[in-house]
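# Structural characterization, general
Below, each chain spelled out in residue letters.
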Amino acid sequence: MINILHEDDAIIILSKPAGVATLEKNSGIASLSQELIEIRPGLKDIPDNGIAHRLDNDTSGIVCIGKTKEAYEKLRNQFAHGKANKVYAALVLGGSPDYGEIDSPIAHHPRKKAKMVVCESMDRAFELKARKAHTRYDVVGRYVFKDTSYTLLNVTIATGVRHQIRAHLAAHGFPIAGDKLYQNAKKRAEDVLPIERQFLHASKLEIDHPSTNERMTFECPLPADLESALMKAKE
């Protein structure tokens, strides 16, 4: 399950597959934290088993782990204060603008536990105790599959609110392909590309190394299922 991209005395950079929880939640599905403990038992004594940030269960891509408590805390601080740069590949429905920035706060949905909601007014944000969220995107390519337009984006976030990219893009009319949770009925009907999960992949990560302070960049290519879906969209 785990594909280690980089490892040294302080950090592990790995690629998480889709369908795997980042942390163990007794949900009945496999978790990254469980497998980490099996291959690196020393991580059991570190908060969250050293995992410095999370990906949704069905989002694949780069995850960063601190191998010591000090490394973990320094990494967590970077993610909490916007010093880590995270880039995602996202295929969305529709023809989005070439470039965009979204600053709307995000809160837990007042009625649906599994969902987040984008607050378009400060009053609503205050009412729902929303968190600030900034999402920036650039177009990589445009596709058409069976008369439905799709756009491949590079999406950049510094800090991360739960479901931030999925909720922000959907609220602006460009939900992610395969993301049934944030697509409305019209978009679900339009989404004809054969894919079993949301097309969202953490493709690049920039951090300061917790021991040397060197700025490091890690990249992770699209997994086979997303690459296959993209090739179909090119047909």
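These numbers come from a predicted model, not from an experiment. (Residues numbered from 1 in each chain as written. Predicted model: local features only at pLDDT ≥ 70, side-chain atom pairs only at ≥ 80, totals over all residues. Heavy atoms only, no water.)

## Quick look at the overall build of the protein chain
To keep it simple, the criterion reads: What counts as a helix is a DSSP run of H or I of at least four residues, what counts as a strand is a run of E of at least two, and both are numbered from the N terminus. Residue exposure (1.4 Å probe, protein chains only): buried if accessible area is under 20% of the type maximum, exposed if over 50%, otherwise partly exposed. Pairs of residues are marked as contacts when any of their non-hydrogen atoms sit within 4.5 Å. Residue exposure ignores everything except the shown protein chains as possible cover, and the areas themselves are Shrake-Rupley values with a 1.4 Å probe. When charges are counted, neither His nor the chain ends are considered; positive counts come from Lys and Arg and negative counts from Asp and Glu. Note on charges: their place is set at NZ of Lys, CZ of Arg, CG of Asp or CD of Glu.
Helix and strand counts for the protein chain stand at six helices and eleven strands. Taken along the three principal axes of its C-alpha coordinates, the protein chain extends 50 × 45 × 35 Å. Sorting the 235 residues of the protein chain into buried and exposed places 50% on the buried side. The contacts of the protein chain with a sequence gap of at least 6 include a subset with a gap of at least 24, amounting to 63%. When the accessible surface of the protein chain is summed, it comes to about 11,600 Å², and 48% of that surface belongs to carbon and sulfur atoms. Averaging the locations of the 33 positively and 31 negatively charged side chains of the protein chain gives two centres separated by 6 Å.

## Observations regarding the environment of Thr217
Its location among the elements puts Thr217 in strand β11 (residues 215–219). Classification of Thr217 as partly exposed rests on a relative accessible area of 42%. Counting along the chain gives 131 residues from Thr217 to Lys86, while the straight-line C-alpha distance between them is 10.0 Å.

## So, unusual backbone geometry
One non-glycine residue, Asn49, lies in the positive phi region at around 55 degrees. Mapped onto the secondary structure, Asn49 falls in the loop between α1 (32–39) and β3 (60–66). Non-glycine residue Lys146 carries a positive phi angle of around 50 degrees. You can see Lys146 is positioned in the loop between β8 (135–145) and β9 (148–157).

## Brief notes about the pairing of strand β4 (residues 85–93)
Using the following cut-off: We call two strands paired when DSSP finds no fewer than two bridges between them.
Of all nine residues that make up β4, eight are buried, and the element is covered over most of its length. One ladder, built from six bridges, connects β4 with strand β10 (residues 200–208); its direction is antiparallel. By the bridge assignment for β10, Val87 is matched with Lys204. With eight bridges connecting them, β4 and β9 associate as antiparallel partners. Within β9, the position partnered with Ala89 by the bridge is Asn154.

## Re helix α2 (residues 69–80)
Quick note on the threshold: To estimate how far a helix should extend, the number of its residues minus one is multiplied by 1.5 Å. Arc definition: directions from the helix axis to the C-beta atoms.
With twelve residues, α2 extends 16 Å between its outermost C-alpha atoms, agreeing within 8% with the 16 Å of an ideal straight helix rising 1.5 Å per residue. Looking at α2, one finds that the buried residues are Ala71, Tyr72, Leu75, Gln78 and Phe79. For α2, the angular spread of the buried residues around the axis is 125 degrees, confining them to a single face. Away from its buried face by more than 90 degrees, α2 exposes Glu70 and Ala80. Where α2 is buried, its residues touch β2 (11–16), β3, β4, β10 and β11. Note on α2: the residue one or two positions beyond its end, Gly82, has a positive phi of about 75 degrees.

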